[in-house]
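An overview of the molecular structure
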Amino acid sequence: MASSDSQPRFGQSVKGLLSDKVGSCSGDVIALTRQVLKGSRSQELLSQAARNMVIQEDAILHSEDSLRKMSIITTHLQYQSNLCSFNPSGRRPFRRMWKTQEIFRTN
């Protein structure tokens, strides 16, 4: 009878160990599934970040181009300003032109 008593205990302990192992494996599968889903979400976030980076890079390039154009315009305006203020005769060219227009109006 001793062997018959030990047989059910051995079967119950094996069932208990098997049940624990199945529960542990189920937990591992769930954890693996979560990691795969998290990796998938990470990939989506990385793709979105890459798209945003390309958009920002285009905006930066456009801004650089605009700044370059504004710099050229500023240089031209300074050059024109210097030409307008430079007069070797010492007179202002606009006053001379204004006086010329007054002469034509009075006549």
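Report on the accompanying structure. Please read all numbers here as calculations on a predicted model, not as lab measurements. (Residues numbered from 1 in each chain as written. Predicted model: local features only at pLDDT ≥ 70, side-chain atom pairs only at ≥ 80, totals over all residues. Heavy atoms only, no water.)

For the rest of this paragraph, the subject is the overall build of the protein chain. In terms of helices and strands, the protein chain carries two helices and zero strands. Split into buried and exposed, the 107 residues of the protein chain put 0% on the buried side. (Helix = DSSP H or I, 4+ residues; strand = E, 2+ residues; numbered from the N terminus. Buried < 20%, exposed > 50% of the residue type's maximum accessible area, 1.4 Å probe, protein only.)

A few words on the pattern of salt bridges. Under the definition given, this model contains three salt bridges. Two residues, E44 and R41, come together in a salt bridge whose shortest N-O distance is 3.3 Å. Residue E44 and its partner R41 are both found in helix α1 (residues 2–85); the two are separated by three residues, about one turn of the helix. Taking relative accessible area as the criterion, E44 reaches 45% and is therefore assigned partly exposed. For R41, a relative accessible area of 47% corresponds to the partly exposed category. Salt-bridge contacts for D65 lead to R68; the nearest nitrogen and oxygen are separated by 3.3 Å. With D65 and R68 both in helix α1 and three residues apart, this pair spans about one turn of that helix. A single network of salt bridges, built from pairs that share partners, joins D65, R68 and K69. (Salt bridge = Lys/Arg side-chain N within 4 Å of Asp/Glu carboxyl O.)

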